[in-house]
Amino acid sequence: MTRTLYASLLRLHPQAFRRQFAPEMLWIFDEAHVSEGAWILLFDLLASLCRQWLLRTGFWKVTAAIIGAALQMLPALNVFARSRSLSIRPMAETPVEAQGFAVIVMCMISLVILLVVSTVLWATRVSRLKALANRRSRCRLNSAA
Amino acid sequence: MVEDLSPFLPLSPATLHVLLALAGEDRHGYGIMQEVARQSDGQYKLGPGTLYDNLQKMMNQGMVEEAPSPADNDDPRRRYYRLTPFGRAVLTADVARLEGVVRKAKLHLRPAHGKAK
């Protein structure tokens, strides 16, 4: 049962990590679950799962951007609701249309923030890879010298 | 030309132990786990999750790379890893940093030891 649970938790890891390491990690589980303790290995894998999604991928940044956009829309929705209670209907004639409008605006803002965050992440990754390539070549030259 | 390795220092305990385990010879994942436990007299144990999470980070940073399997009839699930020259340079720099820490610690602890007497 613990092996099935371990394999299932491995399947929840990001695809790149899973492809690279999952078979070997399962092999280590088979070898070490008696000596190390199956539940300790499971707990370790659970911690690794959290680290992979929260730290190694940009997933948390995208989530934070979407939550930030949603929070920014709250005051706007509040103003809109108050204007409705004062019978001032600036943009929509019915509450259903108003709600639809608010949702569309929120989605558009989230999309824009998502695009900006993705572009920044991509640019950072490219510059980091370039720096890494430079560092490696310098190191190779140093070791050759 | 002296390279600036300060962005990579100080190394986390897991990274330091993995680099130390690979400093002597190429090892597979389970071999690294066993070597880390041996080097620390069983006081520091790495689980596979922590190990491969760190290995992935180190491979992305160019400190560790995959090595060919030493035996032809080896289990295909076993993959071997080795230290790159860059990884060795980072490890050397961190060991030098730790030596400095130990030197300073000894210097500061000596008078306190004297006062206690």
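From a predicted model like this one, the values you see are computed outputs, not experimental measurements.

Asks: Hey, could you run me through the sheet that holds strand β3 (residues 80–83) of chain B in this one?
Replies: By definition, the strands of a sheet pair up through backbone hydrogen bonds, in either a parallel or an antiparallel sense. Ordered in space as β1-β3-β2 (chain B), the 3 strands form an open sheet in which the pairing is antiparallel. Only two strands of the sheet have a single neighbouring strand rather than two, namely β1 (27–28) and β2 (64–67) of chain B.

Asks: Teacher, can you tell me more about the environment of A:Phe29 here?
Replies: Positionally, A:Phe29 belongs in helix α2 (residues 15–56). Judged by the 21 C-beta atoms lying within 10 Å of it, A:Phe29 is buried. In sequence terms A:Phe29 and A:Ala7 are 22 residues apart; their C-alpha atoms lie 9.5 Å from each other. What A:Phe29 contacts, discounting residues up to four positions off in sequence, is A:Arg3, A:Tyr6, A:Leu41 and B:Pro48.

Asks: What am I meant to see in the environment of B:Tyr52 here?
Replies: Along the chain, the position of B:Tyr52 falls in helix α3 (residues 48–61). Separated by 23 residues in sequence, B:Tyr52 and B:Gly29 have C-alpha atoms that sit 7.8 Å apart. In contact with B:Tyr52, other than residues within four places in its own chain, are A:Phe21, A:Met25 and B:Gly29.

Asks: Where do I start with the interface of chain A and chain B in this structure?
Replies: Interface size is commonly expressed as the accessible area that is lost once the parts come together. With 27 residues of chain A at the contact, the number on the chain B side is 20 residues. Those elements giving two or more residues to the side of chain A that touches chain B turn out to be α2 and α4 (95–144) of chain A. Per-element accounting of the side of chain A that touches chain B gives the leading share, 19 residues, to α2(A). Across the side of chain A that touches chain B, the residue classes tally to 14 nonpolar, 5 polar and 8 charged.

Calculation criteria
Residue positions are given per chain, counted from 1 along the sequence in the order it is written. Each chain takes a letter, starting from A, and each ligand takes a number, starting from 1, following the order in which they are written. Only residues with pLDDT of at least 70 get local features here, since the model is predicted, and only at 80 or more are side-chain atom pairs given and counted; chain-wide, interface and lining totals rely on the full set of residues. Between any two strands, pairing holds if DSSP finds at least two bridges. Only DSSP runs of H or I reaching four residues or more are called helices, and only runs of E reaching two or more are called strands; each is numbered from the N terminus. Buried means a residue has 20 or more other C-beta atoms within 10 Å of its own C-beta, exposed means 12 or fewer, and partly exposed covers the counts in between; C-beta atoms are placed from the backbone. Whether two residues are in contact is decided by their C-beta atoms, placed from the backbone, lying within 7 Å. Any residue that is not Ala, Val, Leu, Ile, Met, Phe, Trp, Tyr, Cys, Pro, Asp, Glu, Lys or Arg is counted as polar, Gly included; the first ten are nonpolar and the last four charged.

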